[in-house]
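The lines below spell out each chain.
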Amino acid sequence: PSLDYEGHLSFLQSHNHNFMRMWGWENALVPQPQVRQWPDHPLRYQRVGPGTDLSGRPKFDVTKLNQPYFERLRSRVMTAQNRNIYVSVMLFQGVSVESKGLPMKTWLGHPFNVNNNVNGIDGDLNGDGEGTEVHTLKIPAITALQEAYVRKIIDTLNDLDNVLYEVSNESHGDSEAWQYHMVTFIKEYEATKPKQHPVGMTVEWPGSDNSELFDSPSDWVSPFAVHKEGGRTQTYDYRRPPPPADGKKVIIADTD
C-alpha cells in the first residue's frame, strides 16, 4: 500500500507526539514468499547492471549512491520539521543482513550479497548464507562503502534541526565495535559541518548487553528492560520499563 505520510504526521500530532523513528531498510525484495515484505524503492544504491540480481532486476553498483533515495529522505525530514516533529534517521537495519531465526531470507536481497552487485563485494565471509559480517569491521571495503553512504546522509540533512541519527535497529551481538566506529565517524564528520546532531545506539539483538550502550560514545540509547524474575535475569521484556536514567545518556524507549 502507498504511504499517506502527511496523514501519519497528522496522526502523531493528534496524539501529542513530536518524535518518530524513520525506519531504514537495506535490502531489496527477494522473490520467494515471506512472512512480511517491505517497500524497496528507491534504494540507496543505483541498479545499473550488467546482469540481474535474484529479483531479475539489474544488479547494484555499490559505488554509486542513488540520488532519489536521499531526495525523498530530505523531503520527508523537512515535512516532519514543518510539523515540529523530530526524527531518528536509522542508518542501518539489523534484520536486513540476517533472518534472526525468522522465515525471512532478507540477506538474499542485500546489495552486499555477492550475487546482487557488479563490484564483487561479498558480505558473507564465512559462507553461512547470512550477512552478519556487514555489521562488523571485518570487511574494510564494506566499511568504506558504509562511510560514503553515511557522509551522503549527513550532507543531505546537516542543515535541518529536527534530526537525530540512529546507527542501526537490532544489529547482532557482535556489532558493538562497528556501531562504536559509526557513532565516532558521524561525530567526526559532523564536526566539519555547521550543525551537529545527537547520535544514538539501539540495543543489539540477539546477544544484547546494556552496558555496551552506556559505555558507548553515543549521546542517546534505547536499552533493554532488565529485571530479576524467578532467580534469573530477564533481559527482554517489553512489559517492563527501561533501566533508570543516571544522567550519562538520554534514554529513548524502544517500545516493542
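The preceding data block contains the structure.
Criteria and cut-off values
- Residues numbered from 1 in each chain as written.
- Predicted model: local features only at pLDDT ≥ 70, side-chain atom pairs only at ≥ 80, totals over all residues.
- Heavy atoms only, no water.
- Helix = DSSP H or I, 4+ residues; strand = E, 2+ residues; numbered from the N terminus.
- Contact = heavy atoms within 4.5 Å.
- Phe/Tyr/Trp six-rings, centres within 6.5 Å; stacked < 30°, edge-to-face > 60°.
- Buried < 20%, exposed > 50% of the residue type's maximum accessible area, 1.4 Å probe, protein only.
- Lys NZ or Arg CZ within 6 Å of the ring centre and 35° of its normal.
- Pairing = 2+ DSSP bridges.
- Axes fitted to C-alpha atoms, helices over the stretch in contact; angles between N-to-C directions.
- 1 Å grid on protein atoms, 1.4 Å probe; cavity = no way out; pocket = protein on both sides within 12 Å on 5 of 7 lines; lining within 4 Å.
- Points joined across faces, edges and corners; volume = space filled by probe spheres on them.
- Nonpolar A, V, L, I, M, F, W, Y, C, P; charged D, E, K, R; others polar.
- Core = buried A, V, L, I, M, F, W, Y, C linked by side-chain atoms within 4.5 Å.

Peer 1: Before we go on, may I ask you to explain the side chain of H172 in this structure?
Peer 2: One can find H172 in the loop between β5 (163-169) and α4 (176-190). The residues contacting H172, other than those within four sequence positions of it, are E98, K100, T132, H135, T136, E204, W205 and P206.

Peer 1: Just to check I follow, could you spell out the packing of aromatic side chains for this structure?
Peer 2: Each aromatic ring pair is described using two quantities: the centre-to-centre distance and the angle formed by the ring planes. One pass over the structure, following the stated rule, counts six aromatic pairs. On the basis of an interplanar angle of 75 degrees and a centroid distance of 5.2 Å, the ring pair of Y69 and F70 is categorised as edge-to-face. The residues Y69 and F70 share a single accessibility class, namely buried. When the centroid spacing of 5.5 Å and the interplanar angle of 70 degrees are considered together, the rings of F92 and Y149 count as edge-to-face. In this pair, F92 sits in strand β4 (residues 86-93) while Y149 sits in helix α3 (residues 140-157), placing the two residues 57 residues apart along the sequence. For the pair F92 and Y149, a shared accessibility class is recorded, and that class is buried. Sitting over the face of the ring of Y149, R44 holds its NZ or CZ atom 4.1 Å from the ring centroid. Over the ring of Y5 we find R76, and its NZ or CZ is 5.3 Å from the ring centre.

Peer 1: Can you help me understand the sheet that holds β4 in this one?
Peer 2: Paired through backbone hydrogen bonds, the strands of a sheet run either parallel or antiparallel to each other. Taken together, six strands build an open sheet; the order of strands is β1-β4-β5-β6-β7-β10 and the sheet is parallel. The open sheet has two free edges, formed respectively by β1 (19-22) and β10 (250-251), since each of these has just one partner strand. Bridging between β5 and strand β6 (residues 199-202) involves two bridges; their strand directions are parallel. Across the sheet, the residue bridging to E166 is G200, located in β6. The sheet strands contacting α3 are β4 and β5, and the helix crosses β4 at an angle near 165 degrees.

Peer 1: Hey, could you run me through empty space enclosed by the protein in this one?
Peer 2: Regions of empty space are outlined by a rolling probe, equal in size to a water molecule, passed over the atoms. In the structure shown here, the tally under the stated rule is three cavities of 30 Å³ or more. Approximately 40 Å³ is the volume attributed to the second largest cavity. Lining the second largest cavity, in full, are E26, R44, Y45, F92, H110, P111, F112 and Q146. Classifying every residue of the lining of the second largest cavity gives four nonpolar, two polar and two charged.

Peer 1: Looking at this structure, I do not really get the nonpolar core. What am I missing?
Peer 2: Nonpolar side chains in soluble globular proteins tend to end up buried together. By size, the foremost hydrophobic cluster in this structure holds 44 residues, and its most contacted members are V89, I153 and Y165. Looking at this core element by element, the count peaks at seven residues for α3. In contact with I153, other than residues within four places in its own chain, are Y69, F70, L73, V89, L91 and Y165. Core analysis: the next-biggest nonpolar cluster, separate from the first, contains seven residues, Y180, M201, V203 and L213 among them.

Peer 1: Would you explain unusual backbone geometry in this entry?
Peer 2: Of all residues except glycine, most have a negative phi; of all peptide bonds, most are trans. Residue P50 follows G49 across a cis peptide bond; omega there is 5 degrees. Relative to the elements of secondary structure, P50 occurs in strand β2 (residues 45-52). Backbone torsion omega between W205 and P206 reads -10 degrees, so that peptide bond is classified as cis. Along the polypeptide, P206 turns up in the loop between β6 and α5 (210-214). A positive phi angle, close to 60 degrees, is found at N16, a residue other than glycine. Secondary-structure assignment places N16 in the loop between α1 (5-14) and β1. Positioned with a positive phi, K100 is a non-glycine residue whose angle comes to about 55 degrees. Mapped onto the elements of the fold, K100 is located in the loop between β4 and α3.

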